[in-house]
Amino acid sequence: MGFRRNRNPVPRASPEVQDLVYLSARPGAPTKGMPMKALALLTLAALLAAPLAAEPKGSDTKGKFYFKKSCKSCHVDKGSAAVLTPLSKTQAQWRKFFDAGKHGKAGETLTPKFGTPEQILDIKTFLINHASDSPQPETCGG
Amino acid sequence: MDRRLFLQMVGAGGLAATSIACPKFFGKGKAAAAPPPRGIPTTCELCPNKCSVLAMVEKGKVHKLNPNPENPKSRNMLCARGNAAIQQVYDPDRLKQPLIRVGARGEGKWRPVSWDEAFDFAAGKLAATKAKYGPEGTLWSSTEGFQEVFFKNLGMAFGSPNILRHPSLCLASVNLAYSMTFGTVPSFDLQNAKYVIMAGANRFESFITPDTMDLIGGVMERKAKFVYLDPRFTVTASKADEWYAIKPGTDLAFILAMIHVIVREERYDKVFLDQWTVGFDKLVDHVAPYTPDWAEKETGIPSADILRIAREFADAGHRAVFYAGRRSSWYQNDFQMRRAQAILNCIVGNWDREGGMVPNRKVAKGEFMFLPWDDPKAPRVDEVEKNFPLASAKDGVYLPLRENVLKGVPYPVKAWMIYKQDPLNSVPDQGKTLKMMEGMDFIGVVDIAMSDTAWFADVVFPESHYLERTDPIEVMPGIWPAAVLRQQVVKPIHDTKPCLEIAQGLAKRLGLSDYFDYTIDQWVEAEAKELPVENGLEHMKKHGVVAFSEAKYGTTRNAAQRFVTKSGKIEIFSERLAEAGHDPLPVYAPPQQPPSGRYRMILGRKATMTHAALANLPWLHEHNPENDLWLNHDEAARLGIRTGDLVRVTSTAGSVTIKARVTEEIRPDCVFMLHGFGKKSPWLRSVYNVGAADSVLLETAWDKVSGNAAMHETFVNVVRV
């Protein structure tokens, strides 16, 4: 399918809420009342989860460009490093990578070799927005 | 020509040609004929399949288009539409130079102008809109095509968030449902399947492409079992082993009952489910009420047949597929119906197996790096992120967008640029689309013919035909993936330009030239550099294609595989759907039934047309000169209507007059109309005011999860004129 962008990540509901929604959705189950209760709880869970799911505020569009320019120069098929796309990691794994701010076995810092702090933020935004477990996964052209 | 004869001709021609060049695909090698003189390799544009073509050129004129046997995905065939591309180039009705409207919109008074004047005029209007409403006051809508990227990029560089693509009029619900389940949209290995079920896609009649040939090969040559559901007796129904005139809108009930049987009788692939999926335990309880007896009441299909089909399907195991086909969304539950299809396929373990569903492979290619622009500052006018958070935010949702634009919320949109699309015919409720156009300060259209939408525009930019231009290299993912080049075969015969040059002409006047500072040759050269073949550019110019001819199965069946889903597994139960407020497992709700004296309007198309286009080309038009209204013979008798009578068909959206076809080949609760007729543009002379346009009648309804237009939710009454 076409590429999709995540501007509005959907927060994860608690297991209890998921069960409630699931039960209310079954045929034969009450179709009125229960879904509203489930939705109310879901909304609450979403509100509680929202701050935890806050994403970086860089530019998605520019992040894709800088990722291709800086990272894909090596991380491609038959390149000098393993193939890398946003799908190569989960959102948590990408966050962990950028929080550590180290690249490769040598542990080089990302700035300035791979871009300015602003450009690195853009790359981080793009990769987290389109990670393998994101709502809008993207391959970045393989 | 009779439609079945046409199919036979296309089918027989395709099979014969294939057996010469690619005998392995159909297993019937025949004596090879002398190879035809080789033409210039390029890529067809007349439908989304993009078959490889050899253009035969003499004295600067294309005189024949042949299939290119080097692309296995094309199956060495070129369909009726593909052949008729020649007539598109030399069509006397074609747009020949830029035009600026001088009369009222739709009045048909045009002034031929130079490209400079057309660019200045349009750029001035766009800049004025931006100054008054911001860049978000502009809408950029398009349909798929190799140069669509340049049109979209112009809209994005301009700063508009409102880039609107065609999937929400097409396959968005299918794509989203399979992505939410498997993390990707797979292909169906019809060439090797042994049991195929299809609901309504009418592949033997409405869309003759290489995978149709695989299906025909499977059904007719390998005797694969083929079960078909459709309220209408189509050509596909005539070729099926079993056809059921299912009650419209109840496909989901049929599928859930099949899942019920397979689960209850433990005919599922337990090893596969344990290793690769999440949520099967929840599915077991979920489908318990969906018995075949229950489904019989909903669908009208006998319980015993549902039970037997479910058992046969499960027994065929990984070579059984419930084929998604190619068709748009028809009902507001379309996403959940597609999810149920995906789950049914999943539980018999056909994932990534020969004869089952296969994740698409790609061919690696390079990419031209152009200067990126800033992200748009305003949210999208269709509010897709808020109302359809799982849908593709880059594609948008057409009908909700139109509703918002008509209401002026959350902000006004006053300029509309359109590429290669005819919203007046492709979007339900033509009256609303016309109203939306009336509210625009400016409308610009890029096309090769004067579509109805172009007829109502302020400026028309004539695009060069695909045989007259070079396009970006395109990767066609699939079981047999290919990268294809569309290269110029002949020089433009009129004063036309490729979309890139049209985008550049506007960009220059809008101060956006830095983002378009390249040529098509530079773009293609960058792409060709990383193709998996030596001297990529030279290879593509000579062959037109790089393809993998051998299928690979099972590549995702390894312990390290992480599916592109939230859990990393194939998701039978979807947490993400629950979080978005949708059913995490498909829940059935009976569709609304037409009130007394009204009929559900269903629609479809023919293999000679792509969407609402191409009906004007003589070779194609002669197969389907006019559409009519299929009406069940019992209902027709009650209404006093005979074949050939003019009838008035009316919905809440509009009213049309059309000839009736009285037939027993449709359910009594439905009427049917072929898509793509009743055109408003006199420059489409064959179909101007011929028959009727379904878009006049279709009401506004969409699938709740994907936002895909729901095309079969309209009830009409019918009276003899």
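In this text, all values refer to a predicted model and were calculated from it rather than measured experimentally.

Scanning chain A for helices and strands turns up five helices and two strands. For chain A, the N- to C-terminal ordering of α and β elements is α-α-α-α-β-β-α. Of all 142 residues assigned to chain A, the portion counted as buried reaches 35%. Considering only intrachain contacts with a sequence separation of at least 6, the fraction spanning at least 24 residues in chain A is 72%.

A separate point is unusual backbone geometry. In this structure, the amide linkage connecting Thr111 of chain A to the following residue, Pro112 of chain A, adopts the cis form with an omega of 10°. Within the element layout of this structure, Pro112 of chain A appears in the loop between strand 2 (108-109) and helix 5 (117-129). For the bond running from Val409 of chain B to Pro410 of chain B, omega is -5°, close enough to zero to count as cis. In this structure, Pro410 of chain B sits in the loop between helix 17 (398-407) and strand 15 (415-419). Of note in this structure, Lys50 of chain B is not a glycine but carries a positive phi near 60°. Residue position: Lys50 of chain B is located in the loop between strand 1 (40-43) and strand 2 (52-58). One non-glycine residue, Glu383 of chain B, lies in positive phi territory at about 55°. Within the element layout of this structure, Glu383 of chain B appears in the loop between strand 14 (357-358) and helix 16 (384-387). For Glu383 of chain B, a count of 16 C-beta atoms within 10 Å puts it in the partly exposed group.

This next bit is on helix 10 (residues 251-264) of chain B. All names here are of chain B. Taking 1.5 Å per residue as the helical rise, helix 10 with its 14 residues ought to reach 20 Å, and the 20 Å between its terminal C-alpha atoms agrees with that figure. Among the 14 residues of helix 10, 13 are classified as buried, and the element is accordingly described as predominantly covered. Phi turns positive, to about 55°, at Glu266, one or two residues after helix 10.

This next bit is on the pairing of strand 9 (residues 195-199) of chain B. Residue and element names in this part refer to chain B. Counting buried positions along strand 9 gives five out of five residues, so the element sits mostly inside the fold. Pairing of strand 9 with strand 10 (residues 225-229) involves five bridges; the strand directions are parallel. By the bridge assignment for strand 10, Val196 is matched with Phe226. Bridge count between strand 9 and strand 13 (residues 320-323): four bridges; the pairing is parallel. Considered in strand 13, the bridge of Ile197 is made with Phe322.

This part is about the pairing of strand 3 (residues 61-67) of chain B. All names here are of chain B. Judged from the six bridges that link them, strand 2 and strand 3 form a sheet pairing that is antiparallel. By the bridge assignment for strand 3, Val53 is matched with Pro67. Remark: two residues form the turn of the hairpin made by strand 2 and strand 3, two consecutive strands paired antiparallel; Lys59 in that turn has positive phi of roughly 50°.

In this section: the nonpolar core. Side chains that are nonpolar tend, in soluble globular proteins, to be buried together. Residue and element names in this part refer to chain B. Core analysis: the biggest nonpolar cluster contains 246 residues, and Val196, Met258, Ile259 and Val671 have the highest contact counts within it. Looking at this core element by element, the count peaks at 11 residues for helix 10. Look past the residues within four positions of Val671 in its chain and what remains in contact with it is Tyr599, Met601, Leu629, Trp630, Leu631, Val716 and Val718.

Cut-off values and rules
- Residues numbered from 1 in each chain as written.
- Chains lettered and ligands numbered in written order.
- Predicted model: local features only at pLDDT ≥ 70, side-chain atom pairs only at ≥ 80, totals over all residues.
- Helix = DSSP H or I, 4+ residues; strand = E, 2+ residues; numbered from the N terminus.
- Buried ≥ 20, exposed ≤ 12 C-beta atoms within 10 Å, placed from the backbone.
- Contact = placed C-beta atoms within 7 Å.
- Expected span 1.5 Å × (residues − 1).
- Pairing = 2+ DSSP bridges.
- Core = buried A, V, L, I, M, F, W, Y, C linked by C-beta atoms within 7 Å.

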